[in-house]
Amino acid sequence: MQSLLVLIDGLGDEPVAMLDGKTPFDYARHPYMDKLSLNAASICENDIVPESCSCILRLLGVNREQMPQNRSYLELLAHGRDISEYEMVLRCNLVAIDGEGHLVSFNGGNLSSNAMASVAEICNGILKDVEFIHLSEYRNLLILNKEKKILECRIAPSQESLGENIDELLAEITKESLSLKYFLKEIEQRLKSFGRDGMRYRLYPWGPAGRETLPGFYTLHNLTGGVVGKAEIMRGIAKGMGMKLIVPEHATGDINTNVLEKAVATADLLERNDFVITHFNGADEAAHRYDAVGKAAFIQKIDTDFLCYISEKVRKPLKIVVCGDHITSSASGKHCRGKGPVAAGYLNGNKKVNISNYQDILTFLMGKSD
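Just so you know, these numbers come straight off a predicted model, no measurement behind them. What you see as residue numbers is a count from 1 along each chain, following the sequence as written. Reporting of local features is limited, given that this is a predicted model, to residues whose pLDDT is at least 70; pairs of side-chain atoms are given and counted only at 80 or more, and all residues count toward the totals for whole chains, interfaces and linings. The side-chain values count all of the structure's non-hydrogen atoms but skip hydrogen atoms and water molecules.

Draft legend 1. Up close: the pattern of salt bridges. Salt bridges, as used here, are contacts in which a Lys or Arg side-chain nitrogen is within 4 Å of a carboxyl oxygen on Asp or Glu. In total, this model carries 16 salt bridges according to the counting rule given. Of the charged contacts, one joins Lys-295 and Asp-13 as a salt bridge, the two residues approaching to 3.0 Å between their closest N and O atoms. Pair noted here: Lys-295 is in helix α14 (residues 292–313) and Asp-13 is in the loop between β1 (2–8) and α1 (24–27), with a separation of 282 residues, a long-range link. Taken as a pair, Lys-295 and Asp-13 share a single burial class, namely buried. Salt-bridge contacts for Arg-289 lead to Asp-254; the nearest nitrogen and oxygen are separated by 2.9 Å. Separated by 35 residues along the polypeptide, Arg-289 in the loop between α13 (282–288) and α14 and Asp-254 in the loop between β9 (244–246) and α12 (259–270) bring together distant segments of the chain. In the salt-bridge network here, residues are joined through shared partners; they are Asp-167, Lys-185, Glu-188, Arg-200 and Arg-202. Helix numbering and strand numbering both begin at the N terminus, where a helix is a DSSP run of H or I of at least 4 residues and a strand a DSSP run of E of at least 2. The rule is simple: take the accessible area with a 1.4 Å probe, protein chains only, and divide by the maximum for that residue type; under 20% is buried, over 50% is exposed, in between is partly exposed.

Draft legend 2. Region of the structure containing the packing of α12 against α14. Each axis is a line fitted through C-alpha atoms, and for a helix only the stretch in contact is used; angles between axes span 0 to 180 degrees, taken between their N-to-C directions. Interhelical geometry of α12 versus α14 gives an angle of 35 degrees and a closest axis separation of 9 Å. Helix-helix and strand crossings are classified by hand; for α12 and α14 the assignment is right-handed. In contact with Val-259, Leu-260, Lys-262, Ala-263, Val-264, Thr-266 and Ala-267 of α12, α14 contributes Phe-298, Lys-301, Ile-302, Asp-305, Phe-306, Tyr-309 and Ile-310. Classifying every residue of the contact of α12 with α14 gives 10 nonpolar, one polar and three charged. Crossings are assigned a handedness: left-handed for a near helix turned anticlockwise from the far helix by less than a right angle, right-handed for a clockwise turn. By the convention used here, residues are in contact when the closest approach between their heavy atoms is within 4.5 Å. Side-chain classes are defined by residue name, with Ala, Val, Leu, Ile, Met, Phe, Trp, Tyr, Cys and Pro counting as nonpolar, Asp, Glu, Lys and Arg as charged, and the others, Gly among them, as polar.

Draft legend 3. Expanded view of helix α11 (residues 232–240). Judged by how many residues are buried, α11 sits mostly within the fold: seven of nine residues are covered. Along α11, the residues classified as buried are Glu-232, Ile-233, Met-234, Arg-235, Gly-236, Ile-237 and Ala-238. Count one or two residues on from α11 and you reach Gly-242, which has phi positive near 70 degrees.

All quantities given are derived from atomic positions and should not be read as evidence of function.
Pasting the structure below:
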């Protein structure tokens, strides 16, 4: 029997006052999810960080010992690039700071998409030993010569560090690399013209990683696997684990993504694969923006557009799980531990499925028995 994992990044949340004291999931209408067994489970539990890379890999059956320390290398793979064993790659957000150097935004502040693209052009070609790669919106990567001390740096994620001083956050890594220190200072000067409304703009490098190797999905489960998604991390995992990948034309990685287009792509992959994971990133992005209303509306749209289509178009027997990877709080904008909602069952079936932890999800989706 085929299996489908509908992964809504950051699905879990806290009760929100503007949603009548409910979480975005509980506030949203989701009649198709309600036809499945509703459970709660923690994916990260207490042994891995509540972030997408490790949580998604856990849901795909990768052991903790095989998980990359950081996700930057996988995002590089998603961009169609690779590095040698003598290089390393860092994630690099375009962030906004106030007049005192405190982080006020991890995702480009109030800059438009066009403005962020202009910033990316400015950041190119400054130093030979610091390569800048623009991914999308505020997301970028840096490639440098491999240095053990930088790989050992523990830079706090920018989305977890709002209100803190950027120079203090980056003190360790800029001390270890004079090239990176010069690069960041030069960019700071070049971005002064973008400042407005008391905001200034900087680059924030974090999450250094060397070359990584993931186990193949088929090797792990003896199943063929497919991925539908736009987010760099999901595309990188697909490439790293040898899974078929579809990136729909109008997918955005946010709440304005074309949900129905993803449903069509998912149904297509299910025709040719034993297992498919469809990734929606918008709920996480909305929560990072403190947009609980937008998050609830997006969850509802996934139910009415995506699950409705799958229910009507997929005729083969299908096991299905709808869950998040971690909790993302719409109140704090941060990733959190804890149990999030899980809907699991058989498409157009009535058999109850009990899920209490991530192992139950794996057993249900990847197991041979019905």
